Amino acid sequence: MIEFQAVTKQYDDGTVAVDSLSLTIDAGCITVFVGPSGCGKTTSLRMINRMIDATSGTILLDGTDIRAQRPAQLRRGIGYVIQHAGLFPHRTVLDNVATVPVLTGASKAEARRRAAELLERVGLPAELGKRYPAQLSGGQQQRVGVARALAADPPVLLMDEPFSAVDPIVRDGLQDELLRLQSELGKTIVFVTHDIDEAIKLGDKVAVLRVGGKLAQYDTPATLLAKPADDFVASFVGRDRGYRALGFLSAQGVPVGPVATVPLGADVEQARAELDSGWAVVVDAEGRPLGWVSEASLSTVGGVVRAEDLVSGGSLFQVDDGSLRTALDAALSSPAALGIAVDAEGAVVGGVVADTVVKALADARRSGEVPT
Ligand code: ADP
Ligand code: MG
């Protein structure tokens, strides 16, 4: 656990970068600091490992004032990842990661073995270990940066905009990977970003800062979306927040109705007889959806229903794992206006129309599941 108690940082030129910040960062969770450029995110983060010393106030790490330890000793328990990974350009990827275990007294062979294991852990193939950082893509370099920060197995990980310089698709993959890693490792992660979507996706809790280093709101992502504390947070959280908040509500309570299904390869006349409101879902041998057929689409098909005859489907939602957002999206994106519900194996279990999802939302609100 990390506690900020009225922490202020004023730089020598008079700039107040962080203004009396008080908050508690829970152990084993991802806490995100988010806010516009210059709001004091980096300064706040670097005060935790004493790369920057606070002007006033106290930071406690597991109950102990961080000033009670020498900075070098403190940092051994705190990994640090930055935007451009900060790798040594003249060392191989493997040696970049192995540097830390060597510093903490591991033998060279042991350090390399551990480094190879870490590269695998962050999703990099072992052969990349022989390359130099410049021979990797930006996304791969960031993974190496994460592996290196984990090398000393620190309980705390500080990450300063680690994924901001890579393109959106790679960033999305890195975020998923971080969540997967965290579900295995359970570190105390403090993650800085200016991107509210990244904050909402990654954070167990999110601290929104405003310029001048003042805390605007500190809450779970669901609460930030549903109940922004003021106009600044509301505008920072941005458009569609009502819709995005549906992502935090389970689709489990949504009643799923029947849907007409037809196996691929079925006789066209038989398929026509199965249509319900003019549509049926075509499924493979395992019952997984392949697409739709309709009265209109079948009229051009002779003999049996083939894969190339299908009208492509909308998004799907999982009945045990999906959110109201995925359920509503499935309904809205479906050519038949019926969202397809699937089980964990991906087999069709039924369908929902948008009205049903909206009713489920109304019920959730009435029962107080959504903060209103
Ligand atoms: P963020 O990471 O949110 O963009 P920073 O923590 O880097 O914000 O900076 C917060 C404020 O402190 C900004 O106004 C910035 O210009 C100022 N600042 C940062 N570092 C220094 C420094 N070494 N000296 C003076 N001002 C600084
Ligand atoms: Mg910064």
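Heads up: these notes are all about the structure in this document. (Residues numbered from 1 in each chain as written. Chains lettered and ligands numbered in written order. Predicted model: local features only at pLDDT ≥ 70, side-chain atom pairs only at ≥ 80, totals over all residues. Heavy atoms only, no water.)

With respect to unusual backbone geometry
In the Ramachandran plot, serine 277 falls in the positive-phi region, its phi being about 50 degrees despite a non-glycine side chain. Here serine 277 lies in the loop between helix 11 (268–274) and strand 12 (279–283). On the basis of relative accessible area, serine 277 is assigned to the exposed category, the value being 68%. A positive phi angle, close to 60 degrees, is found at alanine 337, a residue other than glycine. Note that alanine 337 resides in the loop between helix 13 (324–333) and strand 15 (339–342). Residue alanine 337 is classed as partly exposed on the basis of its relative accessible area of 44%. (Helix = DSSP H or I, 4+ residues; strand = E, 2+ residues; numbered from the N terminus. Buried < 20%, exposed > 50% of the residue type's maximum accessible area, 1.4 Å probe, protein only.)

Describing the sheet that holds strand 3 (residues 30–34)
Pairing is mixed in the open sheet, where six strands are placed in the order 6-7-8-3-9-10. A strand with exactly one partner marks an edge of an open sheet, and here the two such strands are strand 6 (78–81) and strand 10 (214–219). For this sheet the average axis-to-axis angle between neighbouring strands, irrespective of direction, equals 15 degrees. By the bridge criterion, five bridges tie strand 7 (residues 156–160) to strand 8 (residues 188–193) in an arrangement that is parallel. The residue bridging valine 156 from the neighbouring strand is threonine 188, located in strand 8. Packed onto the sheet, helix 6 (residues 168–185) meets strand 3, strand 7 and strand 8 and runs at close to 165 degrees relative to strand 8. (Pairing = 2+ DSSP bridges. Axes fitted to C-alpha atoms, helices over the stretch in contact; angles between N-to-C directions. Contact = heavy atoms within 4.5 Å.)

So, the layout of surface pockets
Volume-wise, the largest pocket comes out at about 640 Å³. Lining the largest pocket are 21 residues, and of these Arg75, Ile78, Gly79, Tyr80 and Val100 lie nearest its centre. Of all elements in the fold, only helix 2 (71–76), strand 6, helix 3 (93–103) and helix 5 (138–150) reach the threshold of two or more residues within the lining of the largest pocket. Class assignment for the residues of the lining of the largest pocket results in 12 nonpolar, six polar and three charged. (1 Å grid on protein atoms, 1.4 Å probe; cavity = no way out; pocket = protein on both sides within 12 Å on 5 of 7 lines; lining within 4 Å. Points joined across faces, edges and corners; volume = space filled by probe spheres on them. Nonpolar A, V, L, I, M, F, W, Y, C, P; charged D, E, K, R; others polar.)

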